[in-house]
Every structure is written in structure tokens, then in C-alpha cells.
Amino acid sequence: MKKTLQEIADFLGGRVVGDAAIEIHGLDNIEGAGAGDLTFAVEPHIEEAKTCQAAAVMLPEGAGEFPKTALYVEEPRAAFAKLLELFTPKLEFPQGVSDKAHIGKDVKLGKDVVIMPFAVVDDHAVIGDRVTLYPHTYIGQYAEVGDDSVIYSNATVREHCRVGKRCVIHSSAVIGSDGFGFTTKDGVHTKVPQVGNVVLEDDVEIGAHDGIDRAAMGSTVIGKGTKIDNLVHIGHNCKIGPNCLIVAQTGISGSTTVGHNVTFGGQVGTVGHIKIGANSVYAARSGIIGNMPEGVFCAGFPVQPHAEWLRMQAAMKHLPEMHKKLKQLEKKLAKYEKE
Amino acid sequence: MKKTLQEIADFLGGRVVGDAAIEIHGLDNIEGAGAGDLTFAVEPHIEEAKTCQAAAVMLPEGAGEFPKTALYVEEPRAAFAKLLELFTPKLEFPQGVSDKAHIGKDVKLGKDVVIMPFAVVDDHAVIGDRVTLYPHTYIGQYAEVGDDSVIYSNATVREHCRVGKRCVIHSSAVIGSDGFGFTTKDGVHTKVPQVGNVVLEDDVEIGAHDGIDRAAMGSTVIGKGTKIDNLVHIGHNCKIGPNCLIVAQTGISGSTTVGHNVTFGGQVGTVGHIKIGANSVYAARSGIIGNMPEGVFCAGFPVQPHAEWLRMQAAMKHLPEMHKKLKQLEKKLAKYEKE
Amino acid sequence: MKKTLQEIADFLGGRVVGDAAIEIHGLDNIEGAGAGDLTFAVEPHIEEAKTCQAAAVMLPEGAGEFPKTALYVEEPRAAFAKLLELFTPKLEFPQGVSDKAHIGKDVKLGKDVVIMPFAVVDDHAVIGDRVTLYPHTYIGQYAEVGDDSVIYSNATVREHCRVGKRCVIHSSAVIGSDGFGFTTKDGVHTKVPQVGNVVLEDDVEIGAHDGIDRAAMGSTVIGKGTKIDNLVHIGHNCKIGPNCLIVAQTGISGSTTVGHNVTFGGQVGTVGHIKIGANSVYAARSGIIGNMPEGVFCAGFPVQPHAEWLRMQAAMKHLPEMHKKLKQLEKKLAKYEKE
């Protein structure tokens, strides 16, 4: 895909100042744009765009002179969105159930579903309207997937689990793997049956390689509108509140309850069986080892208020020097004592 | 699925005190039970159950008065297990090999296997008796799966690997991916062929998204009865002893040997080429950077005895204040020295 | 597979000193070799091999007397490689497209491809010469896979992504999952469309369960020759330079740029939108929270030069004792002041 800048200007109804004949091969933001790319800039980023690598920059009419080839349009943001559609061919999936998919017995399928080759919907499952199942998805027995949800390739929703409406489950995610529960006698571990399920409420997004374990009994719940990044582990019987953000590689241990609107930065960990209050932010790498109140901003392992963590980190840099000074002070004082 | 409490009492041979007409929609533990749920309580949890959200609580005969609707039975635990079966429809899988599965040439299949649609058993593989392979499992060439093992959807067992008897491999786990081995010359990395395999001994459980790398040569071994949680990485040529517990998101680097009955908490990491003694516990987030003796309880990065780690953590909180005090002491002492 | 040591000696043109009739069942390195195994040793490892568990040791001609059964050959390393081939039956895959694979419309397939059962190549994708696609791989619409690349079972390459030549993508890896981008209003998170792609340059290796997120716009790029271990997360719009090594469970947050020849140890984390200079090494567990220059060797969270980190770690062990001493000094000084 390539177009001259003039062709793009004609398509958008814009105006080129500079070399209108240059060929544009791609679109990217100011940082990422390379030699064949078009980018766009609005205030306060126009200054930064002057030295970018892009072949040309799309600017708002009235932005003034510019040291690189520029394409002036009324609304650079909206124009860029139109261009993205032009440069990225739209995906088209045949509606209905591929004759290479496997649909079990007693399955309920909604209207206008897209079920691709080698997807499996096992016996007694319920698939809502306009659901999309990519190749190699597995929907287990008695599982339910709500209207307008999209499940990407190689993802699994195991038996009895329930996925809400408008959910997105990324590739290779696993909903409803067994919780990690064993009893130990004489050093030998015996599995505790995990007979509960997982409930994803509406508008949940599950990242690639997330593992959301099914409850030992009852349900592991991910609240409405919560978005989870890649490679996150949610233990059995957790109850995650609505509208949380859980960044990549975080692990929430079993039976932990999290309030609404909590953000976990990347690589956070928590112990199990605790309550974490609502409206809070935990910085990346936080390690949460006990109940937490609402409305906090914390960091560190064990977690502490973020400001305290910063002070502690600052002091830690002085540690080797403190250790030395302390020895000197001791010596001096010992000298006085002798005198 | 719903039943009145009276129907449940009749089914179990129990006795209702309170509203026998209420409808029960689900079962959960004391913490998790909501408005339509039945839970159960035995000592010492009966007090806690008095204020739970459940519609009704199942109690042992002779437990005395209770402020909520109660269902008295002889053995609440056993009764609850029976109810779980009633409320959770049992899965039924057609025995034999689905005509939508792919079985390669020269494959040996045991008796009474369940091989589901789109499972692949590649050439020369050996599948034991009563093995269950979910959809989209891939069993590589010359691989072996022992009797009574269950492999969930989208899991991979690569060529030449051996899975013992009664193993459970969760969805999207990978057994036998290449070890991470390269030689570097002039900044360019060249792959060292990884021609070994992975051996899972009997009764091993592998979590969702675990990656157990194949040995460069010889075998990566997971010992009998060891249970591994989700998102764990085991490097090439590791030898993990029997009856270990490895909690989620832990990483064991290549060629590390671990004794029997070692527990790694979540998000632990180890360097490679070390020996970790038996009968030990490493707390979550431990970072193990050298050989370790038997029978220890450690924490921290680098690891230290857990009690020392606690003392160090306690002292760290005083660091900013220590830094300040140390400066004051220096000043005072300097003053004396001048006098 | 088993052979007598004499059969092996005949095969290699070597000479046995000791019991030539013993049966060899496997091959392993000195550490890993057990009772039925053959291993090999060259200097400086010959001393270590004298006490190993192997049934026999292959040694270079001229190595002198040896306390165990020995097989003397000209080049032990090369001989061992020949034996590995003998002991490990070679995999053979039928060339061409399995009639159980699904090839979409308008797909371009190169010469001599191997496309196994239940692989899916979706519409408009381009597959190079000699590409191998294992079962349950999904190649999305308009995606491209370069010549001689191998993609293992259950891996996903989503729409519009480009995989270079001679790449290896391990099982269950996901190339091109959506970046984690949301706008938040009144506590509700709305997805920002992720319309970019991922570009893997030539000779890249992607580990099992790696998630490489597609760019919001433009491309997430993994540079030529970079090798990535298991369970690694690369956020959207990252640009990873050539010839990097990224060890297991590391997470690189979105829009971070990494120079060439950078090694990240295991479980490293970085914040997003930073630049990390070339030719550097970050020890395991490093937490990188800002721009970094070229040519450094760092550790810790937040990262600091490795030597400083060691000093800080050493001082930390003295913390509880420092805390106590500081209190004693204060008391003494207070006493003097009173006097």
C-alpha cells in the first residue's frame, strides 16, 4: 500500500506545502514514524514534530510555517483516523458457522455469530448474538458467552464458565483452569476438586495468556468493565471489582477481593485471602501482603504509601555511606569514652 | 438450576428451621455466598456464618439455634459435596477417538481413551489407557502420555517428551519448547540445538501457560507428585524433585536441581546451575542466587532466612529517619571535637 | 533405543577400555547422566567426569587412564553430536498442505511449505518458501511469514503482522494481540482501537507464551536476530533493537525503545515511553524506570550500576544492627550533653 502525498491530500481535502509527489508507505505517531511515513501533530506536539523522521506531517490549518513537508487539514486527528482505515484493509469474516468448526449437542447459538474453522463449542454451551469465535477457541460444556463478545484464537473458556456481553478475550487466554488447591499428608499432595466456575461480567477484556482460575466452589468473578493486560494470573475464588485495570504479569492470589476502580501496575503480586479497597493505585512491582483500605496510592514490597516508598528508596542509596559513617562515629565516641 | 430449600432437605434427609420455601440458585463458601446461595458451616466457622450473605446455612445436627434460615444435617461437609454434584451437571465426553481428531501413523492408542475434535496425535506417539485429550491438544512425534492423564485444550507436548501416569496438564501449557540456548560471536546469537526432552513423572500437575523447556540434551525432569501453578517457567535441564509445590509466575532457570518437598511461593526466581536442597519453603518473590541447603525457610532477594528478612524489612522502614539522625550525630560530634 | 558400548564404538570408529558389553540407553551431559547413559568429557571437565553417574565416558584419544569405562575417540564433541542423531529419531513431516488444514481465500503459499492438520492461514495471508506451520497455528488476515520460518503448535500471528525470514515462534506465543490502551472517563475505561501491527525482523526467536502486542498505530518491532525466552511481555509500539537477549518473564512496557545487543535477565521490568541504550546488560529482576545510556551493567529496582547494587545489598544486611547501634550512639551522646 502506498500513495503520493498529493493523492492523500485529495482524499482528505487538504493542502500540501512542500513535495506533494513523495510516496507515503505507512502511518505512525511522531516518535515511531520513519522515512516513508506520514504522521500528524497538534498542539502541544507541533514543535516536537519539526525534528521527527517522518516524510511528511499533517497539521491543522493555521498552524503556521513548518520546516518539513506538511499537509494542512481542518482536523488532523479525524483525518488521520480516516487514513488509518484507508491504509489498513478491513477484515472480513464470513458470517455463520464454518463447516470446519465443531458444534456439540444441545448447543444454543445466537443470531449473526461468526464461528471460524476448528473452533469448538462443546455440548450444552450457549453462545449469544453476534459472538465471534476465532479458530481453535474452545468453549466448554455448559459454558456461556454473552452477546457481542469476541474470543481470539487458541483461547479456552472451560465448562460452566460464563462470559458477559461485549467481552474481549485475547489469544491463548484460559478462563476456568483449575484453582491451585491441594491437601498435603505425609508430604504427598492430593488435589482438591475445583467445582466452581469463572464469571466475567460485561465489558471485560482479558489479555493474551491470562489465566483466570475457576473457584473451588462458587465463582471467581471479574467485575464489569475491568480490563486485564497480558500474562496475568487470577487465583481461584478471587472477586475483582468493576472498572479495574490490571497491568501485565500481575498475580492476584486466591480468595482475594478487590474493590472497584483499582489499578495494579505491572508485575504486582498479592497474597491470598485479603481485601483490597476501592479507588486505589498500586505502582508496578508492588507486593501486597495484607488488607488494604480504600483510596490509597502505594508502592514497594511490602507495600507502603508511595511517598514513603520514594523516601525509603532515596535513603537506601546512602546505605553504604551510612554504614561507614556509623563505624567512624562509634570509633570517635569510643575514643572520648576512654579519655 | 434452582431448588427450594425444602427440596434440598428432602434430597439430603435434613431438617429446615426457618423459611423452607426459599429458592436456592447456587452453592458457595461462607465468604463467597450471595443472596440466592446456600452455604455450610462447621466449627469453628459457625459464628462467622451468622452474619454471612447466604440465603440459608447448612449446619450439623446439634449446633443449636441460628439467627438465619438453617438446614440441619448429620454431616454438612459430605452433604455439601452431594449437593455440588446435584447443582453442577456432570460432563460427559463420548469415548473413543473423534472422527475430527487427527491420529498420525504408527501411533499406539490405549484402551478407553477420549480424544476430542481437532486434537492431534502425531506419528509414533504412544497414548496410554483412559487418557483424555481435549480439543486442540498437540502430542508431538514419539511423545508418550501415560495412563489416566488428562490434557486440556490448546496444550502442547512436543516430540520425544514423556508424560507420566495420572498427570494433569492445563490449557495452553507447553511441554518441551526449546531451551533458551545460544552461542554469541561478534554480537550475533546462534541457536544451540535443543535435542533433549522433558519427562513428567507420575501424578504431576502442570498449570495453564506453564512452559517446561526441553533439555539441550538429556531430560528436563519434573518429579513424581509435583504440582505447578499457572504461568511458571522451568528452564532446560532442570531436575525438579518429587512432591514440590511451585506457585504461579515462578521462574526456575536452566540446569537447576531442586530436592523433594520444596515449596516456591509466587513470583520466585532462581539463577541457573544451582542446587536447592529438599524440604524447604521459599516465600513469594524470593530470588535465589546460589546453592541452598536442605530444610530452610527463606525470603527476599537475594534470599536470606525468613526471620532475618523480617528484621531487615522492619529496619528498612526506619531508613529515612536513620539517615537524618546520623547527620545530626555527626554534627554534634563535630561540635564537640572543635571545643 | 539401546546399543552396547561396543556397537557405539564401531559406529564411531572408537576404542573401548573397560566393559564394552554394557548397554547404553541414553546420552546426557556430565551432570545429568544417569546409570544407563553415556556422556563425554574434554578438558577442563575430565576430572569432574571421573566421579559422574554415567555408565561410560567418551574421552579424547590421549587423555590417559580413567577410573570408569571409557570410549576413546578423536573428537568427542563431534562424535557425541553424531550419536545424538542416532539416539534421537529424526522427525519427518509430510511436505505440502495437509488436507485437514484451512487455507483462506487469496492466500499466497511459497514453495515446499509444511502446513500441518488444523493450521489456519486466513484470507490474504502470505506464507514464504519452506515455512513450517504446526497444528493449531493461526495466521491472521493479511499477515506475512517469511521464508524458512517455523511456527509451533497453538501459536497465533494476528492480522497484518509480519514475521521475517528464519524466525522461530514457539508454541502458544501470540504475535499481535491488542495493546493495552484505554481512555478513562468517570471511572469507565473505553478501548482505544489498536490498528497497528507487529514486525518481527529476520532471525528472531519468540519463546513459548510470549505476548508481543500490536501497535496502537504503526508497528511494534523486534529487531533482527533478537532472541526472546518464555513468558515475556512486549507492550505496544515498543522498538526492540537487533541481537538482544530477553530472558524469561521479563516485561517491557509500551512505547519503549531498546538499542542493539541489550541483555535483559529474567523477570526484568521497565516502565513505558523510555529509551534504553545499546550494548548493555540488565541483571535479573532489574526494574528500569527512566532513560538509560549505552554500555551499562545494571541491577536493582530502581536500577543502579551493578557494583553499587552489590554494595547496597551488602550494607542492607547490616541494617538491623545499624539501627540498634544508632540508638546506642544517640543515648551515649545525650548522656555527654547532659554532663
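Coordinates for the structure precede this section.
The sections below set out a description of the structure shown in this document. Small disclaimer: the values here were computed from a predicted structure and weren't measured.

Conventions and cut-offs
Residues numbered from 1 in each chain as written. Chains lettered and ligands numbered in written order. Predicted model: local features only at pLDDT ≥ 70, side-chain atom pairs only at ≥ 80, totals over all residues. Heavy atoms only, no water. Helix = DSSP H or I, 4+ residues; strand = E, 2+ residues; numbered from the N terminus. Rg over C-alpha atoms; globule rule 2.2 N^0.38 Å. Buried < 20%, exposed > 50% of the residue type's maximum accessible area, 1.4 Å probe, protein only. Contact = heavy atoms within 4.5 Å. Areas by Shrake-Rupley, 256 points an atom, 1.4 Å probe, with all protein chains shown as cover. Arc of directions from axis to C-beta. Buried area = accessible area lost by both parts, 1.4 Å probe. Salt bridge = Lys/Arg side-chain N within 4 Å of Asp/Glu carboxyl O. Polar contact = N/O pair within 3.5 Å; in protein donor to acceptor, adjacent residues only side chain to side chain. Pairing = 2+ DSSP bridges. Disulfide = S-S within 2.5 Å. Least-squares fit on C-alpha atoms with pLDDT ≥ 70 in both. Nonpolar A, V, L, I, M, F, W, Y, C, P; charged D, E, K, R; others polar.

1. Let's talk about the overall build of chain A
When you go through chain A residue by residue, the secondary structure sums to five helices and 40 strands. A globule of 339 residues ought to have a C-alpha radius of gyration of about 20 Å, yet chain A, at 28 Å, is considerably larger. By principal-axis analysis of the C-alpha atoms, chain A measures approximately 90 × 75 × 30 Å. Here chain A holds 339 residues, and the buried ones make up 59% of them. Considering only intrachain contacts with a sequence separation of at least 6, the fraction spanning at least 24 residues in chain A is 17%. Here chain A has roughly 13500 Å² of accessible surface; of this, 53% comes from carbon and sulfur atoms.

2. Some remarks on helix α1 (residues 5-12) of chain C
Residue and element names in this part refer to chain C. Within α1, burial applies to Leu5, Ile8, Ala9 and Leu12. Around the axis of α1, the buried residues are gathered within 100° of arc, so they sit on the same side. Among the residues trailing α1, glycine 13 stands out with phi positive, at a value near 70°.

3. A word on the interface of chain B and chain A
Taken together, the contact pairs 60 residues of chain B with 70 residues of chain A. Each partner contributes to the roughly 5100 Å² buried at the junction of chain B and chain A, and carbon and sulfur atoms together form 64% of this total. By the criterion of area lost to chain A, the three top residues of chain B are Arg285(B), Leu326(B) and Leu333(B), representing 11% of everything that side buries. The interface formed by chain B and chain A contains three salt bridges. Measuring nitrogen to oxygen at the nearest pair gives 3.5 Å for the salt bridge that ties Lys325(A) to Glu330(B). Put simply, chain B and chain A have 24 residue pairs in polar contact (both at pLDDT 80 or more) between them.

4. Examining the sheet that holds strand β12 (residues 120-121) of chain A
Residue and element names in this part refer to chain A. Read across the open sheet, the ten strands follow the order β9-β12-β15-β18-β21-β26-β29-β32-β35-β38; overall the sheet is parallel. Taken across any chain shown, the strands that pair with only one partner, and hence form the sheet edges, are β9 (102-103) and β38 (287-288). In this structure, strand β15 (residues 138-139) lies alongside strand β18 (residues 156-157), joined through two bridges in parallel fashion. Paired with isoleucine 139 across the two strands is valine 157, which belongs to β18.

5. A few points about the state of the cysteines
In protein chemistry, a disulfide is the covalent bond that joins the sulfur atoms of two cysteines. For the coordinates displayed, the defined rule picks out zero disulfides over all chains. Unpaired in this structure, Cys52(A) has its nearest cysteine sulfur neighbour in Cys238(C), at a distance of 20 Å. A residue is classified by how much of its surface remains accessible, and Cys52(A), at 9% relative accessible area, is buried. Cys244(A) carries a free sulfur, and the closest cysteine sulfur to it, the one in Cys238(A), is 11 Å from it.

6. So, the relation of the copies chain C and chain A
For the pair chain C and chain A, the superposition axis carries a translation of 0.0 Å, the fit reaches an RMSD of 0.1 Å, and the rotation angle comes to 120°. In the structure described here, the two chain copies are related by an operation that fits a three-fold rotation axis.

7. What about the interface of chain C and chain A?
Between chain C and chain A, the residue contacts involve 70 residues of the former and 60 residues of the latter. Per-residue buried area on chain C facing chain A is highest for Phe180(C), His189(C) and Met217(C); these three make up 14% of the total on that side. Summed over the shared surface of chain C and chain A, the number is three salt bridges. Taking the shortest distance from any N to any O, the salt bridge between Asp28(A) and Lys239(C) comes out at 3.8 Å. If you look at where chain C meets chain A, you find 23 residue pairs in polar contact (both at pLDDT 80 or more). If you list the elements that add at least two residues to the side of chain C that touches chain A, you get β21 (174-177), β23 (188-191), β26 (211-213), α4 (306-316) and α5 (319-338) of chain C. Sort the elements by how many residues they give to the side of chain C that touches chain A and α5(C) lands first, with nine residues. Its residues placed into classes, the side of chain C that touches chain A shows 28 nonpolar, 27 polar and 15 charged.

8. Description of the side chain of Asn230(A)
Looking at where Asn230(A) falls in the secondary structure, it is placed in the loop between β28 (227-228) and β29 (233-234). Here His233(C) takes part through its side chain, which lies 3.2 Å from a polar atom of the side chain of Asn230(A). Excluding residues that lie within four positions of it along the chain, Asn230(A) makes contacts with Gly207(A), Ala208(A), Asp210(A), Ala248(A), Gln249(A), Ser177(C), Gly211(C), Asp213(C) and His233(C).

9. Points about unusual backbone geometry
For the bond running from Phe301(A) to Pro302(A), omega is -5°, close enough to zero to count as cis. Of note, the phi angle at Asn237(A) is positive, near 70°, even though the residue is not glycine. In this structure, Asn243(C) is a non-glycine residue whose phi angle is positive, near 55°. As for its placement among the helices and strands, Asn243(C) is situated in the loop between β30 (239-240) and β31 (245-246). The exposure class of Asn243(C) is buried, given its relative accessible area of 16%.

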